[in-house]
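So the chains spell out like this:
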Amino acid sequence: MSKTITVIPGDGIGPEVTEATLSVLRAAGADLEYDEQLAGVAALERRGNPLPDETLDSIRRNHVVLKGPLTTPSGSGFRSINVAIRKEFDLYANVRPVRTIVPGGRYEDIDLILIRENTEGLYVGVEHFIGVEGDPRAAAESVMIITRFGADRISRYAFEHAKRLGRKKVTLAHKANILKCTQGLFLEAAHNVAQEYPGIEWEDRIIDATAMQLVLDPSRFDVLVMENMFGDILSDLMAGLVGGLGFAPAGNVGDEYAMFEAVHGSAPDIAGKGIANPTSLILSAAMLLDHVDQREAGDRIREAVERVLRTGSMRTADTGGDAGTRAFASAVVRALD
Ligand code: NAD
């Protein structure tokens, strides 16, 4: 029986890259049914709620989501729906594979996986302004929350993921030298978990030194694990090593639910023009196929994307070409063998 997944096309370029991705999934023979739902600004405009109950119910039914980018207003307005979905479904592991697809970058053959803790740290949103002498916003403070439970389970996820994929090494990037309680606890928990995986090399590194080493010599890393905000920043840095966010897929995975999404935003500057690069969401859909045990279809999609990008004749505007979103997706469909 085919697997039904929830599809959230999202805002801005979301519907365009989602349409392109669904055309590739269908052509690749993915055994999926699609339950389309609204979230973000699209949902606010049509349902009066950026995260409607119908969408939540669909995710509860289907357990697996493919999601386009959602617009989040800065400073004021509703809180991030991405963060809300991650919290609601306890999607605690953000998995970002980073692989060279387009040759000619700073490094060849990059093949890294970043695992970011998705539910704790500064992203718990415990923050407020502090008023001083008539200025209600004279200061602001934000609380970083790390629990032994959270640090233990993300570390375990990283080692299990490494083991499943036959990876050799796990690196924890942290700042325990300065943040002795929060980061110290994370380091302690990860160190304890590492002892249970003697077959996998383990190291810990200070986050800033890790950032520099990633740029100088990414080949010294394999699987990296870190808390929420460090992971947010380093995953974009790592995407930059292989051509930018347009090529970066992501999975948000929990014990019961999983959501696969493009890591770039809704790109309002090019929305509706039909020129967005759909690669990130297409590769995220391939990760989704791995997750639902349709790895063969996932591999075919990855190979087809690689074939199209390596020939160099079909590029979207962000990579110096003039192909539109649909034309690019059609080329991927033709490259499926
Ligand atoms: P963005 O990623 O939307 O855009 C940054 C730049 O990259 C823009 O010039 C854009 O045109 C370009 N770009 C992004 N994706 C592209 C693609 N697929 N093809 C070609 N060019 C692409 O980042 P932003 O401008 O900071 O954010 C816009 C909105 O998206 C904000 O509301 C933000 O909150 C939201 N956002 C959502 C997600 C998500 O849903 N996961 C992630 C990041 C940002």
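Residues numbered from 1 in each chain as written. Predicted model: local features only at pLDDT ≥ 70, side-chain atom pairs only at ≥ 80, totals over all residues. Heavy atoms only, no water.

### Digging into the side chain of Gln-294
Considering the arrangement of structural elements, one finds Gln-294 in the loop between α9 (279–291) and α10 (295–311). Relative accessible area serves as the criterion here: at 15%, Gln-294 is assigned to the buried category. Setting aside its immediate chain neighbours within four residues, Gln-294 contacts Ala-30, Asp-31, Leu-32 and Leu-289. (Helix = DSSP H or I, 4+ residues; strand = E, 2+ residues; numbered from the N terminus. Buried < 20%, exposed > 50% of the residue type's maximum accessible area, 1.4 Å probe, protein only. Contact = heavy atoms within 4.5 Å.)

### With respect to the site of the ligand
Near the ligand there are 20 residues, and of these Leu-70, Gly-265, Ala-267, Asp-269 and Asn-277 occur at the shortest range. Between the ligand and Leu-70 there is a distance of 2.8 Å, counted from an oxygen atom to a backbone nitrogen or oxygen. Contact between the ligand and His-264: a nitrogen atom at 3.2 Å from a side-chain N or O atom of the residue. Relative to its free-state accessible area of 810 Å², the ligand is covered by the protein chains to the extent of 65%. Considering only residue class, the shell around the ligand consists of 9 nonpolar, 7 polar and 4 charged. (Near = heavy atom within 4 Å. Polar contact = N/O pair within 3.5 Å; in protein donor to acceptor, adjacent residues only side chain to side chain. Areas by Shrake-Rupley, 256 points an atom, 1.4 Å probe, with all protein chains shown as cover. Nonpolar A, V, L, I, M, F, W, Y, C, P; charged D, E, K, R; others polar.)

### Here we look at the pattern of salt bridges
Counted according to the given criterion, the structure contains 24 salt bridges. Glu-196 is paired through a salt bridge with Arg-156; the nearest N and O atoms lie 2.7 Å apart. Taken together, the positions of Glu-196 in the loop between α6 (182–194) and β9 (201–206) and Arg-156 in helix α5 (residues 148–164) put the pair 40 residues apart, joining distant regions of the chain. Across the pair Asp-222 and Arg-167 runs a salt bridge, and its minimum N-O distance is 2.7 Å. Pair noted here: Asp-222 is in the loop between α7 (207–216) and β10 (223–226) and Arg-167 is in the loop between α5 and β8 (169–174), with a separation of 55 residues, a long-range link. Judged by relative accessible area, Arg-167 falls into the buried class, the value being 17%. Through salt bridges with shared partners, a single network forms among Asp-290, Arg-295, Asp-299 and Arg-302. (Salt bridge = Lys/Arg side-chain N within 4 Å of Asp/Glu carboxyl O.)

### Description of the pairing of strand β5 (residues 111–117)
Of all 7 residues in β5, 6 are buried; the element is thus mostly enclosed. Relative to β10, β5 runs parallel, the two sharing 4 bridges. Counterpart to Leu-114 in the pairing with β10 is Leu-224. (Pairing = 2+ DSSP bridges.)

### Considerations on unusual backbone geometry
Both trends apply: most residues other than glycine have a negative phi, and most peptide bonds are in trans. Of note in the backbone geometry, Glu-133 takes a positive phi value of approximately 45° without being a glycine. Within the secondary structure, Glu-133 is located in the loop between β6 (127–132) and β7 (135–142). For Glu-133, a relative accessible area of 81% translates into the label exposed. Located in the positive-phi region is Asp-293, a residue other than glycine, with phi close to 60°. Mapping Asp-293 onto the fold places it in the loop between α9 and α10.

### With respect to a nonpolar patch on the surface
Side chains of Val-126, Val-143 and Ile-145 sit close together on the surface and give an oily, nonpolar patch of about 190 Å² of accessible area. Looking at where Val-126 falls in the secondary structure, it is placed in the loop between β5 and β6. For Val-126, a relative accessible area of 40% puts it in the partly exposed group. (Patch = residues over 30% accessible without salt bridge, like charges linked within 9 Å, V, L, I, M, F, W, Y side chains within 5 Å.)

### Here we look at the pairing of strand β1 (residues 3–8)
Strand direction decides the pairing type here: β1 and strand β2 (residues 32–36), joined by 5 bridges, are parallel. The partner of Thr-4 across the bridge, within β2, is Glu-33. With respect to chirality, the unit in which β1 leads through helix α1 (residues 14–27) into the neighbouring parallel β2 is right-handed. Relative to strand β3 (residues 64–67), β1 runs parallel, the two sharing 3 bridges. Looking across to β3, one finds that Thr-6 is bridged to Val-65. (Right-handed = clockwise from strand over helix to strand, strands pointing away.)

### Quick word on the side chain of Gln-183
Mapped onto the fold, Gln-183 is located in helix α6. Once residues within four sequence positions are removed from consideration, Gln-183 is found in contact with Met-144, Ile-146, His-174, Lys-175, Ala-176, Glu-227 and Phe-230.

### As for α7
Helical geometry note: an α-helix holds 3.6 residues per turn, so side chains three or four residues apart project in the same direction. All buried positions along α7 are accounted for by Ile-207, Thr-210, Gln-213 and Leu-214. For α7, the angular spread of buried residues about the axis comes to 115°, placing them on one side. Contacts made by the buried residues of α7 are with β5, β8, β9, β10 and α8 (228–241). (Arc of directions from axis to C-beta.)

### Describing the packing of α1 against helix α11 (residues 325–335)
For the pair α1 and α11, the least separation of the axes is 9 Å and the interaxial angle reads 15°. Compared by their axis directions, α1 and α11 come out roughly parallel. The chirality of how α1 crosses α11 is right-handed. On the side of α1, the interface is formed by Glu-16, Val-17, Glu-19, Ala-20, Ser-23, Val-24 and Ala-27, while α11 contributes Thr-325, Arg-326, Ala-329, Val-332 and Val-333. Its residues assigned to classes, the contact of α1 with α11 shows 7 nonpolar, 2 polar and 3 charged. (Axes fitted to C-alpha atoms, helices over the stretch in contact; angles between N-to-C directions. Parallel < 35°, antiparallel > 145°, perpendicular 65-115°, else oblique. Left-handed = near helix turned anticlockwise from the far one by under 90°.)

### A short note on α6
Its 13 residues give α6 an end-to-end C-alpha distance of 19 Å, which sits within 8% of 18 Å, the value for a rise of 1.5 Å per residue. Taken together, the buried positions of α6 are Thr-182, Gln-183, Gly-184, Leu-185, Phe-186, Ala-189, Ala-190, Val-193 and Ala-194. The inward-facing, buried residues of α6 contact β5, α5, β8, β9, β10 and α8. (Expected span 1.5 Å × (residues − 1).)

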